[in-house]
Amino acid sequence: GRDSVALFHAVTALLRKTNDDSTQHTSISLNLDNDGTDGSKEVKCELHVAHFNHEQRGDNSDGDEAFVQRLCAERDIPFHNYFWS
């Protein structure tokens, strides 16, 4: 839904902002310490998107799937799709 798409855009924007090279979605710097010191550490991660097509709304369900797949392809983010019939 809309909230998932908003989260997708927020996370990809954050990862772009914290990474200057072509591996924009593979690492992020986080402050992992709570003692007031600069505890920034680079955490290696990879963003993947999972979509679950419940196949409840016919062509609309398939359209949602295609939309999410296209978003991921445009940003070179791995896409995983699952079905429930």
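The rules behind the values
Residues numbered from 1 in each chain as written. Predicted model: local features only at pLDDT ≥ 70, side-chain atom pairs only at ≥ 80, totals over all residues. Heavy atoms only, no water. Helix = DSSP H or I, 4+ residues; strand = E, 2+ residues; numbered from the N terminus. Contact = heavy atoms within 4.5 Å. Areas by Shrake-Rupley, 256 points an atom, 1.4 Å probe, with all protein chains shown as cover. Buried < 20%, exposed > 50% of the residue type's maximum accessible area, 1.4 Å probe, protein only. Polar contact = N/O pair within 3.5 Å; in protein donor to acceptor, adjacent residues only side chain to side chain. pLDDT = per-residue confidence, 0-100. Pairing = 2+ DSSP bridges. Right-handed = clockwise from strand over helix to strand, strands pointing away. Salt bridge = Lys/Arg side-chain N within 4 Å of Asp/Glu carboxyl O.

Here we look at the overall build of the chain
Per the secondary structure count, the chain includes two helices and four strands. For the chain, the succession of helices and strands along the chain, N to C, is α-β-β-β-α-β. Taking as baseline every contact in the chain between residues at least 6 positions apart, the subset at least 24 positions apart corresponds to 46%. Total accessible area computed for the chain in this model is approximately 6300 Å², and 51% of it derives from carbon and sulfur atoms.

Points about the side chain of Asn53
Looking at where Asn53 falls in the secondary structure, it is placed in strand E3 (residues 49–53). Residue Asn53 is classed as buried on the basis of its relative accessible area, which comes to 2%. Within the structure, the side chain of Asn53 is placed 2.7 Å from the side chain of Glu65, a separation counted as a polar contact. Contact partners of Asn53, with chain neighbours within four places excluded, come to Ser61, Asp62, Glu65, Asn81, Tyr82, Phe83 and Trp84.

Points about the confidence of the model for the chain
Across the chain, the average pLDDT comes to 79, with 65% of residues at 70 or higher. Element-level mean pLDDT values for the chain span from 61 in strand E1 (residues 27–31) up to 93 in helix H2 (residues 59–74).

A short note on the pairing of strand E4 (residues 79–83)
In this sheet, E4 lies alongside E3 in parallel orientation, the contact comprising five bridges. Pairing of Phe52 across the sheet is with Tyr82, part of E4. Taking the sense of rotation as the criterion, the β-α-β connection linking E3, H2 and E4 turns out right-handed.

Description of the pattern of salt bridges
Any two side chains of opposite charge can pair, so long as their charged atoms come close to each other. Counted under the stated rule, the structure contains two salt bridges. Notably, a salt bridge pairs Asp64 with Arg57, separated by 2.2 Å at the nearest N-O pair. When its relative accessible area of 46% is taken as the criterion, Arg57 is described as partly exposed. Across the pair Glu74 and Arg75 runs a salt bridge, and its minimum N-O distance is 3.3 Å. With relative accessibility at 21%, the residue Arg75 sits in the partly exposed group.

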